[in-house]
Structure formats: structure tokens, C-alpha cells
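# Coordinate inspection notes
If you want the building blocks of each chain, they are given just below.
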Amino acid sequence: MTDPIDAHVRLDTHPTHPSAVQAVLTGSQARVALTALEAAGWSVAATDVLVLARIDHEEPYWAADTAQHLIAEGITVEITPRLQEAIDEEWTWVNYPMPWLTRSEIREVSSEAQKIHDDIRNGHLLIHAHAHDGHTTIAVGTYLHQGGKSVYLHGEDHLRQVADTFDSLASALLAFEETHADGMRPGPAPLTDTERAAIAARSVFDVTASKPDPARPEPETVPVYLADAGDHDALLDAFLDKHRQFEKWRTWSDDTTHAIHESQTLRIEHVHETQGRETAWTMAAYETPVSDRMWHLTATSATPAPVLQNLLNHLADGDGWDTVIGVPVGERTVTTATQPLTEAGWKHTLTGHGIRWTSPDGQAGIRFDPLTAQAPQSPATWTIWAGPDPDRPTWAITASPHTPSSLLADLSEALAHETGTRQTQPASEHRTRLGRVSLAGWSVDRTCLSGW
């Protein structure tokens, strides 16, 4: 009977890259596991830490495959719940150029593209020249092994394929130059965003992951408009888990999540990795799936989690989606939207920009601009904010003229009466904002989004 191997591998999602996976090794024979992981395409990122970062976003699938092989070798493997969730979920590429392929066949195409990428990265495939054919990148290169075979490459990232092979480098270069003489450039093409992200993932490791969090003071209860932003990514994930009538979409970029109502007339867009005052959310309603927007609103990255939760809950309830287009925003609409503020004693004033309601402590407000209210496509008839003033907000929500008064009234009610929590940060602490740890599992089976 073979003695068990004293090696333990803990597989988890990467701390900053959306789909990459990290492996932390322990045990007196951890070197055995390290060798096996390197043979499977994992890269050493730190002492006893390896990373699997691919250009096809299939890391959770291949991490599960790796785990099976390690276990078969007698190595103990632990998979964290969040990685297991990513492994279990299935997704498909939106607008995949070969829609006739099955999911497993798509993965085979991606795996071949990954092999080409790895051969270039590891110096096995030397790229002599590249060009752009008006749609994608093409290149010509030679394998330094395999008898010096030269190849013609077509596509980028997970779609890159060997389009042709040549017996000699001379014939390959001649054919390439005849077709792409005008746009031909020496050497490999510039790295794509996906390739750069994979490189970054292999060089970054959360060294604090194994250290206990420092003691923090208890959070204080504050008016909801002063609450912490919290984790917007987790908030959206929880919303989608609870409200199955919304479907998550995967796009070509990992920077953005789209959530679409089953009717395709209500759409939510969340941009990850934005700074506090940058727009992170766009919510919009349409009369039909292909019509212009009836109304929309935006929210910045620092918007408090309870305020954002209020918005999402309203959309999920389906109350007030419909609005009347072409009818001016009147006094009744404004009164309905702001009545909770008036009843709570918010200060009501007229300014050069319109009408303003300000919280009793002066740290939040809502502004209505009657001039822009007459223009249906105006981006900001309503502005909800916290901070010194709406032109220098800590966070802000803007809404178009025909945003339902019921939605605005819900926001007013929350601002006037609800509370949240705020974590006091030690003066010497510098916070680093990490990206999502898991974006695997987006299901897409409809047409591409447009009109945002």
C-alpha cells in the first residue's frame, strides 16, 4: 500500500482577477503538488502559492480537473465554497462566432487557443510578424520544436486558431506578406486586455489572506445616506440569486455585469472597479425590448449599500416601471416623489438650478431641475446626493425626467427615515479596493445588448 503524500492543496478564487484560481500548498511534501500543478499549466506566484490564469476564462473548470488528478495521486485537495460555486455554474459566450458548437466543443476551441497562447508565452512559438485584417489580428510564426513548423494564426484570445501551416518559414512569410503587405508589422501583436489581465494575475497574490484581520471598532449607526458603500458586487449577486426573473449576462469584458429582466424591458448595468464618484450603475426601462429608453438613472460607486438595495428591491417588485412618455413632469409628480422628505422636515429651497430638499444635518439632498424636466432624454432632471453639495458629492444618483415617481418616493422615504452602518477607519489605515473574486457562471442565450 502506498503511503499517503503529506501535501495539502487549497484551491480558491483569485483575490483580484475575476476568473483566475489560486492554489496554496502546505505539507512536508508540498513540492510534489507544486510539480504536478506546474505540469498542468499553473504558475508560481509566491512561496507555496500558484495561480491558474487563462485567456479563455475557464479557470474554474480546469481547477476542478486539476483537483481530480491531484486526488488520484494521493494529494489532499480542498476547494472553497466560492470556487465550488464557480465550478458548478455553466455559462456561454454572448455572440459567439461559431454558434453551432456545443459547450464542450467551444471549450475545445478555447483550449487550443490557450495552448497557442502558452506556446508563445513560453517561447516555443516565435511570432515573426502580425497584421490586422479589419476584424481581428492575424500573425505568422514558427514552432522552435516540432520540426520547425511555421503557422498562420487567426484571431485573438480564446478565438485564436491555426488557420494554415507551411513547410518552411520562407513560404509562410511570403504568403503572409502577399496578403497583408500594407498592414504587416514585425514581431508579435500588442497584448490584449485579457492577456495583460492574465499576466497581472500571475504576479499578484493577496499576502494577507492567511493573516487574521486586525481588530476594527464597532460600526456606528448613521442615517442611510451616510452609510458605507459596502460590496456592490456581492449585493448584485445576492439580488440575482433571489430574483430569478433577472438574468446575468457575460460580455466580452469582465469589467461589466448586465442583468436583464425576462421581459427584456428592464436592464441593469454594473461596472466593476470604479472609483467613488464614477458611475458604477445604470438602470433603464424600455417600452419594448427594441424601443428607446423610457427612463434611466445612474448611481456612483460610493452609493451606500442600503440605498442601492432599496433601488434594486423596487425594480424587483415591478412597481412603477411604466411611465407616460411625452407628458411634462408636473407638480403632482414632484410632490409625490418628495412628500416623505417634506413630512420629515427636510429644508425646501429654490436655487438657480431648481428646487432643492436638504436633510436637517445638511449632509444630503435631492434636487429637481424643472428646465431639464421638459427634455425626455435629459440625463439628470433629478439628483440625489450626499456630501457638501450636488456638484461635489460623496455619492450621487441621477435620474431622467420620466423616472417613476413611485421609485423616487421610495428613495425619499429611505433617505428620510432609514439608517445604515458606517465603519470608522483608523487614521493610519489605507484601504485597497479589490476586485471581484468570482465572476464565473454567467448564462447568456439572447442577443447582444445595445442602447445603453
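Residues numbered from 1 in each chain as written. Predicted model: local features only at pLDDT ≥ 70, side-chain atom pairs only at ≥ 80, totals over all residues. Heavy atoms only, no water.

### As for the nonpolar core
Within the largest apolar cluster, 49 residues are counted, with the highest numbers of intra-cluster contacts made by Ile-268, Trp-281, Met-283, Trp-395, Ile-397 and Leu-415. Broken down by element, this core gets its largest block of residues, 6 residues, from helix 8 (residues 305–317). The contacts of Ile-397, once residues within four sequence positions are left out, are Leu-297, Thr-298, Ala-299, Thr-303, Val-307, Leu-311, Trp-382, Thr-383, Ile-384 and Leu-411. Counting residues in each nonpolar core, the second largest holds 21 residues, with Val-9, Ala-23, Ala-30 and Leu-70 among its members. (Core = buried A, V, L, I, M, F, W, Y, C linked by side-chain atoms within 4.5 Å. Buried < 20%, exposed > 50% of the residue type's maximum accessible area, 1.4 Å probe, protein only. Helix = DSSP H or I, 4+ residues; strand = E, 2+ residues; numbered from the N terminus. Contact = heavy atoms within 4.5 Å.)

### Some thoughts on helix 9 (residues 331–343)
The first and last C-alpha atoms of helix 9 sit 17 Å apart over 13 residues, in line with the 18 Å expected at 1.5 Å per residue. The sharpest bend along helix 9 comes to roughly 50 degrees, located at Ala-337, with the proline Pro-340 sitting one to four residues further on. (Expected span 1.5 Å × (residues − 1). Bend = angle between axes of the 7 residues up to and from the residue.)

### Regarding the packing of helix 9 against helix 10 (residues 405–417)
With their axes 6 Å apart at the nearest point, helix 9 and helix 10 run at an angle of 20 degrees to one another. Classed by the angle they form, the pair helix 9 and helix 10 counts as roughly parallel. The two elements helix 9 and helix 10 cross, and the hand of that crossing is right-handed. Listed contacts from helix 10 to Thr-333, Thr-336, Ala-337, Thr-338, Pro-340 and Leu-341 of helix 9 are Ser-405, Leu-408, Ala-409, Ser-412, Glu-413, Ala-416 and His-417. Here the residues of the contact of helix 9 with helix 10 sort into 6 nonpolar, 6 polar and 1 charged. (Axes fitted to C-alpha atoms, helices over the stretch in contact; angles between N-to-C directions. Parallel < 35°, antiparallel > 145°, perpendicular 65-115°, else oblique. Left-handed = near helix turned anticlockwise from the far one by under 90°. Nonpolar A, V, L, I, M, F, W, Y, C, P; charged D, E, K, R; others polar.)

### As for the confidence of the model for the protein
Averaged over the protein, the pLDDT score is 82; the fraction of residues at 70 or greater is 85%. Across residues 206–213, where pLDDT falls below 50, the model places 2 contacts with residues more than four positions away in sequence or in other chains. Within the model, the stretch residues 426–452 combines pLDDT values under 50 with 89 contacts to residues more than four positions away or in other chains. (pLDDT = per-residue confidence, 0-100.)

### Some remarks on unusual backbone geometry
Of note, His-57 is a non-glycine position whose phi angle comes to about 60 degrees, a positive value. As for its placement among the helices and strands, His-57 is situated in the loop between strand 4 (49–52) and helix 2 (59–72). Exposure remark for His-57: the relative accessible area of 5% places this residue in the buried category.

### Considering the environment of Leu-226
Counting through the fold element by element, Leu-226 comes out in the loop between strand 11 (220–223) and helix 7 (232–242). Those residues in contact with Leu-226, other than ones at most four positions away along the chain, are Asp-361, Gln-363 and Arg-422.

### Regarding the pairing of strand 8 (residues 150–154)
Buried residues dominate strand 8, accounting for 4 of its 5 residues. Across 5 bridges, the pairing between strand 7 (residues 137–143) and strand 8 is antiparallel. The residue of strand 8 that forms the bridge with Val-140 is Tyr-152. Where strand 8 lies against strand 9 (residues 161–166), 5 bridges are found, and the strand directions are antiparallel. Considered in strand 9, the bridge of Leu-153 is made with Val-162. In this structure, the hairpin formed by strand 8 and strand 9 is closed by a connection of 6 residues, where Gly-155 is found at a positive phi of approximately 105 degrees. (Pairing = 2+ DSSP bridges.)

### A look at a negative patch on the surface
Residues Asp-317, Glu-343, Asp-410, Glu-413 and Glu-418 make up a contiguous surface patch of negative charge. Turning to its location among the elements, Glu-413 is positioned in helix 10. Judged by its relative accessible area of 38%, Glu-413 falls in the partly exposed class. (Patch = residues over 30% accessible without salt bridge, like charges linked within 9 Å, V, L, I, M, F, W, Y side chains within 5 Å. Areas by Shrake-Rupley, 256 points an atom, 1.4 Å probe, with all protein chains shown as cover. Salt bridge = Lys/Arg side-chain N within 4 Å of Asp/Glu carboxyl O. Lys, Arg positive; Asp, Glu negative; His and termini not counted. Charge placed at Lys NZ, Arg CZ, Asp CG, Glu CD.)

### Focus on the sheet that holds strand 1 (residues 8–13)
An order of 3-4-2-1-5 is seen for the 5 strands of this open sheet, with the pairing classed as mixed. Edge positions in the open sheet fall to strand 3 (43–46) and strand 5 (76–79), since each of these has one partner strand only. Across this sheet, the average inter-strand angle for adjacent strands is 30 degrees, counted without regard to direction. Two elements, strand 1 and strand 5, share 4 bridges in a ladder whose sense is parallel. Across the sheet, residue Val-9 finds its bridge partner in strand 5, namely Val-77. Across the sheet, helix 1 (residues 30–39) lies against strand 1, strand 2 (21–26), strand 3 and strand 4, angled at about 155 degrees from strand 2, the strand it touches most. Along the sheet, helix 3 (residues 81–88) contacts strand 1, strand 2 and strand 5; its crossing angle with strand 1, the most-contacted strand, is approximately 65 degrees.

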